[in-house]
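The chain contents come next:
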Amino acid sequence: GIIVEIEINQILCGEDEKGGWGLIKTTFNDLSLAKRIAFYTDIQDQIGGLHWKPTVRGFMCEDYFLIMKTFPDKSLEVRPGRVFSHVFAILRADLINVVDLYAIFDFLPKKLNKNCSIDIIKIDSKTCVEQDSSKSFLKRFNKVIHGFVSIHNYGNTIIWVGDEDYEIAISKYWQILSIEE
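Residues numbered from 1 in each chain as written. Predicted model: local features only at pLDDT ≥ 70, side-chain atom pairs only at ≥ 80, totals over all residues. Heavy atoms only, no water.

From N to C terminus, the protein chain includes four helices and six strands. Ordering the α and β elements of the protein chain from the N terminus gives β-β-α-β-β-β-α-β-α-α. The burial tally for the protein chain puts 41% of its 181 residues in the buried class. Put simply, the protein chain shows about 11000 Å² of open surface, and 54% of that area lies on carbon and sulfur atoms. (Helix = DSSP H or I, 4+ residues; strand = E, 2+ residues; numbered from the N terminus. Buried < 20%, exposed > 50% of the residue type's maximum accessible area, 1.4 Å probe, protein only. Areas by Shrake-Rupley, 256 points an atom, 1.4 Å probe, with all protein chains shown as cover.)

All chains considered together, the criterion is met by six salt bridges. Where R82 meets E15, a salt bridge forms, and the shortest distance between an N and an O atom there is 3.0 Å. You can see R82 sitting in the loop between strand 4 (64-72) and strand 5 (83-91) and its partner E15 sitting in strand 1 (residues 5-15), a full 67 residues away along the chain. The exposure classification of R82 matches that of E15, with both residues buried. Here E77 and K114 are joined by a salt bridge, their closest N and O atoms 3.3 Å apart. Of this pair, E77 sits in the loop between strand 4 and strand 5 while K114 sits in the loop between helix 2 (101-105) and strand 6 (121-124), and the two are 37 residues apart along the sequence. By relative accessible area, K114 is classed as buried at 18%. Here the salt bridges share partners, and the residues they tie into one network are D73, E77 and K114. (Salt bridge = Lys/Arg side-chain N within 4 Å of Asp/Glu carboxyl O.)

Below, the discussion takes up unusual backbone geometry. If a residue is not glycine, its phi is most likely negative; likewise, a peptide bond is most likely trans. One non-glycine residue, E62, lies in the positive phi region at around 55°. Along the chain, E62 falls in the loop between strand 3 (55-61) and strand 4.

As a further point, take the pairing of strand 4. Counting buried residues along strand 4, nine of its nine residues qualify, which places the element largely inside the surrounding structure. Because side chains alternate across strand 4, one face comprises the buried residues Y64, L66, M68, T70 and P72, and the other comprises F65, I67, K69 and F71, equally buried. Direction of pairing for strand 3 relative to strand 4: antiparallel, over a ladder of seven bridges. The partner of G58 across the bridge, within strand 4, is I67. Here strand 3 folds back onto strand 4 in antiparallel fashion, the turn holding two residues, of which E62 has a positive phi close to 55°. Summarising the sheet, strand 4 and strand 5 pair through nine bridges and their orientation is antiparallel. When the sheet's bridge partners are listed, I67 is paired in strand 5 with F88. (Pairing = 2+ DSSP bridges.)

In this section: the nonpolar core. Formed by 17 residues in total, the largest nonpolar core has its most connected members in I11, C13, F28, I37, Y64, L66 and V87. In terms of residue count, the dominant contributor to this core is helix 1 (residues 31-40) (four residues). Judged by nonpolar contacts, the second largest core, of 16 residues, contains L95, V98, L101 and I104. (Core = buried A, V, L, I, M, F, W, Y, C linked by side-chain atoms within 4.5 Å.)

The buried category is assigned to R82, whose relative accessible area is 4%. Separated by 39 residues in sequence, R82 and I43 have C-alpha atoms that sit 8.8 Å apart.

So, about the pairing of strand 2 (residues 21-26). Alignment of strand 1 against strand 2, held across five bridges, turns out to be antiparallel. Looking at strand 2, one finds that I11 is bridged to T26. Between the end of strand 1 and the start of strand 2, which pair antiparallel, lie five residues, with G19 showing a positive phi angle near 90°.

Structure below.
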């Protein structure tokens, strides 16, 4: 098939200079778009002894599919309970060309770095990363497929418990979705 280059913009979000949630840095030329997207990436502050682990999330916003890794931000200069998100924004029209999300997950930071330099990421549509699938993973993933097939019975919700193999599961799940889904 034809190989298409996919551009992925980046947005760094966290506590801004005014003490609110906002845009820290972006590769978008349109700052108002980046600020609107940043607004939707916030999550509830960590309070009452609840501590978030770094987590990967994804959803549609504006005309982009967002993939982000969110970290607890324990920096002294931010108020307690804040988080920091490193966001990738893929144009909706390019989603059909993304074969393997795991190739994109490889670009996500492993740890919080608010001072990292960012550029537009360019990958080709056929980029794939080999993943080992253990027997225990396949058993768990089969439950995801069962949940997907019967999603209306589960309140339109599929849950993956724990973070082990989560990114592999999301990548494999992505590969079976149709464009409409």
